[in-house]
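An overview of the molecular structure
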Amino acid sequence: MNKKEQLKQEILEKTKEYYNLVHKNKRKFIPGETFINYGGRFFDENEVINLVDSSLEFWLTSGHWAEEFEEKFARYLNIKYCSLTNSGSSANLLAFMALTSPKLGEKRIKKGDEVITVAAGFPTTVTPIIQYGAIPVFVDVELPSYNIDVTELEKALSNKTKAIMVAHTLGNPFNLKEVKEFCDKNKLWLIEDNCDALGSEYFIDGEWKKTGTIGDIGTSSFYPPHHMTMGEGGAVYTNNSLLNRLINSFRDWGRDCWCKSGVDNTCNHRFSKQYGELPLGYDHKYVYSHFGYNLKATDMQASIGVAQLNKLENIVNRRRYNWKKLNEGLKSVSDVLILPEAEANSNPSWFGFIISVKENNNITRKGLVEFLEKNKIQTRNLFAGNLIKHPAFDEMRKTNTGYKQIGNLKNTDFIMKNTFWIGVYPGITDEMLDYMILKIKEYIKINK
């Protein structure tokens, strides 16, 4: 071992020692004093060691760690292509923008075309549609799955409809069978926002498949509260080789070239082809076929992801366990609360435990949430609730332009007023779960 390798090994050993000193030993849970987060980083020394290892290389941009992650993540999903990006929101942007490419011919999404989605979700599922100049068509969701109401799809369909872009709510797969058949029948693209559902499975075409791999494109987020994390980060994945090329083009400045960073002339025609109205033989590395971005992740982020992948199955299993324990513990108050239910033919990898307070009783979401927060239990609304009611939509709502709404979105408005969720991430222990159940029941008993 040379001096460089020896020094590196010493640094990594010290890194492990630091992790054990600073991060490993957590405080004992004290009911009413220890704050129970809805989500958070779940890691051990391996993530920290990988991060330090990659930083010593000082590559800084995407490199061999990113390639390793993309290969292993695609293998986990059993899908052909994966493109690492800097966030889940960027992943959604890339998934949508890929479908606007002229290279898709008549199937490309153009400005003014329509995309079916829901308003009860996270804004960046919808933002790319609006920013590009396409029209989101909002349909209602179902309870207690909190997913897209497939009976509304036909009403939302028009001769301008080009795609469906919708998320699996808090890890619960939407009705992929009906949505996929609808897309196939009407020649529509399907983007699965899988950011809250990594590890979820759905039984379709005679086999179990990971969500995000059943539509044309899937997306993931690696923000700290998600199933796995890189701090910031995301991924876009597909089985379609052309879509993969387009995703990478939009991610990497819009370039036509597909050479990896630091590699030249993969196509062996770097200086021999004609592109647009450029001079013959213009350097292919600087030919741009799209108006793209730079949305790559760094190798330091990817190195964390490589370590996280090794514990992903355990993370998913613990989330399922925590969700089941909460569900069993709260069944006795289902006269007051609407408890979540998994979609038929699915095995969710839950992001959270979603609860709705039934109307016409003395219990309110506001009161229950404030009580839980006071007792150190963190809560979250179902993201936007009804996205159309937010200030970002003020101008469009006043002029009734830029989007369409199918029906009155009754369940979406119900969620906006009555729904919240609590965490199931692996850092939540059995003691914490018992305390969460106890406090929810206590509030209901006091106020019923």
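In case you missed it, the structure is sitting above this.
Here's what I pulled together on the structure shown here. No experiment lies behind these values; they were computed from the predicted model shown. (Residues numbered from 1 in each chain as written. Predicted model: local features only at pLDDT ≥ 70, side-chain atom pairs only at ≥ 80, totals over all residues. Heavy atoms only, no water.)

In this structure, the largest pocket occupies an estimated 1,000 Å³ of space. Lining the largest pocket are 42 residues; nearest its centre among them are R251, D252, R255, C259 and K260. Per element, the largest residue contribution to the lining of the largest pocket is seven residues, and it comes from helix α8 (residues 241–251). For the lining of the largest pocket, a count of residues per class yields 15 nonpolar, 12 polar and 15 charged. In this structure, the second largest pocket occupies an estimated 660 Å³ of space. The wall of the second largest pocket is formed by 22 residues, among which K26, R41, Y425, G427 and M432 lie closest to the centre. Taken together, the elements giving at least two residues each to the lining of the second largest pocket come down to α1 (3–24) and α14 (430–447). The element contributing the most residues to the lining of the second largest pocket is α1, with three residues. Considering only residue class, the lining of the second largest pocket consists of 10 nonpolar, seven polar and five charged. (1 Å grid on protein atoms, 1.4 Å probe; cavity = no way out; pocket = protein on both sides within 12 Å on 5 of 7 lines; lining within 4 Å. Points joined across faces, edges and corners; volume = space filled by probe spheres on them. Helix = DSSP H or I, 4+ residues; strand = E, 2+ residues; numbered from the N terminus. Nonpolar A, V, L, I, M, F, W, Y, C, P; charged D, E, K, R; others polar.)

On to the pattern of salt bridges, then. Enumeration according to the criterion identifies 29 salt bridges in this entry. We note a salt bridge from K14 to E17, for which the minimum N-O separation is 3.6 Å. Of this pair, K14 and E17 both sit in helix α1, separated by three residues, roughly a single helical turn. For K14, a relative accessible area of 54% puts it in the exposed group. The partner of K155 in a salt bridge is E152, and the shortest N-O contact between them spans 3.1 Å. Classification of K155 as exposed rests on a relative accessible area of 56%. Through salt bridges with shared partners, a single ionic network connects E70, R251, D252 and R255. (Salt bridge = Lys/Arg side-chain N within 4 Å of Asp/Glu carboxyl O. Buried < 20%, exposed > 50% of the residue type's maximum accessible area, 1.4 Å probe, protein only.)

A separate point is the nonpolar core. Residues L337, F353 and I422 are the most contacted members of the largest nonpolar core, which totals 32 residues. Contributions of two or more residues to this core are made by α10 (312–330), β12 (352–357), α11 (365–374), β15 (419–423) and α14. Excluding anything up to four places from it in sequence, F353 contacts W323, L326, N327, L330, L339, P340, F420, W421, I422 and V424. The next biggest cluster of nonpolar side chains, apart from the first, holds 31 residues, and it includes A120, L176, Y202 and L382. (Core = buried A, V, L, I, M, F, W, Y, C linked by side-chain atoms within 4.5 Å. Contact = heavy atoms within 4.5 Å.)

Strands sit in the order β10-β12-β15-β13 across an open sheet of four strands; the sheet is antiparallel. Strands at the two margins of the open sheet, each flanked by one partner only, are β10 (337–338) and β13 (380–381). Where β12 lies against β15, five bridges are found, and the strand directions are antiparallel. Paired with I355 across the bridge in β15 is F420. Against the sheet, α11 engages β10, β12, β13 and β15, with an angle of about 20° to β15. Sitting on the sheet, α14 touches β10, β12 and β15, and the angle it makes with β15 is about 150°. (Pairing = 2+ DSSP bridges. Axes fitted to C-alpha atoms, helices over the stretch in contact; angles between N-to-C directions.)

This brings us to a nonpolar patch on the surface. Together, W253, Y282, Y286 and Y288 give the surface a local cluster of nonpolar side chains, amounting to about 470 Å² of exposed area. Note on placement: Y286 falls in the loop between α8 and α9 (299–309). (Patch = residues over 30% accessible without salt bridge, like charges linked within 9 Å, V, L, I, M, F, W, Y side chains within 5 Å. Areas by Shrake-Rupley, 256 points an atom, 1.4 Å probe, with all protein chains shown as cover.)

Turning our attention to the side chain of D53. Relative to the helices and strands, D53 resides in helix α2 (residues 45–57). Every residue in contact with D53, bar those within four places of it in the chain, is listed here: K8, L12 and W65.

This next bit is on α10. Taking 1.5 Å of rise per residue, the 19 residues of α10 would be expected to cover 27 Å, and the 27 Å separating its terminal C-alpha atoms lies within 8% of that figure. Every buried residue belonging to α10 is among L312, I315, V316, R319, R320, N322, W323, L326, N327, G329 and L330, and all of these are buried. (Expected span 1.5 Å × (residues − 1).)

Here we come to α8. Burial in α8 covers these residues: L243, N244, L246, I247, S249, F250 and R251. Contacts made by the buried residues of α8 are with α3 (64–77), β1 (81–85), α4 (88–98), β5 (189–193), β8 (217–221) and β9 (234–238). N-cap assignment for α8: the residue whose side-chain oxygen lies 2.9 Å from the backbone N of L242 is N240. Positive backbone phi, approximately 70°, marks W253, located one or two places after α8. (Polar contact = N/O pair within 3.5 Å; in protein donor to acceptor, adjacent residues only side chain to side chain.)

Omega for the bond connecting L143 with P144 falls within 30 degrees of zero, at 10°, which places this linkage in the cis form. Mapped onto the elements, P144 comes out in the loop between β3 (135–139) and α6 (153–156).

This part is about the packing of aromatic side chains. Under the definition given, this model contains 18 aromatic pairs. Here F383 and W421 contribute two aromatic rings whose centre-to-centre distance is 6.2 Å and whose plane-to-plane angle is 70°, an arrangement assigned as edge-to-face. Pair noted here: F383 is in the loop between β13 and α12 (394–399) and W421 is in strand β15, with a separation of 38 residues, a long-range link. F383 sits in the partly exposed class, given a relative accessible area of 25%. Taking the relative accessible area as the measure of exposure, W421 reaches 1% and is therefore buried. Linked through ring pairs, Y38, F122, F351, F383 and W421 together constitute an aromatic cluster. Its guanidinium or amino end placed over the ring of W189, K107 lies 3.9 Å from that ring's centre, counting from NZ or CZ. (Phe/Tyr/Trp six-rings, centres within 6.5 Å; stacked < 30°, edge-to-face > 60°. Lys NZ or Arg CZ within 6 Å of the ring centre and 35° of its normal.)

A word on the pairing of β9. Where burial is concerned, most of β9 is hidden: five out of the five residues are buried. Taking every second residue as pointing to the same face, both faces of β9 are buried, with G234, V236 and T238 on one and A235 and Y237 on the other. By the bridge criterion, five bridges tie β1 to β9 in an arrangement that is antiparallel. Considered in β9, the bridge of L84 is made with A235. When β8 meets β9, the two strands line up antiparallel, connected through four bridges. Within β9, the residue paired with S220 across the bridge is A235.

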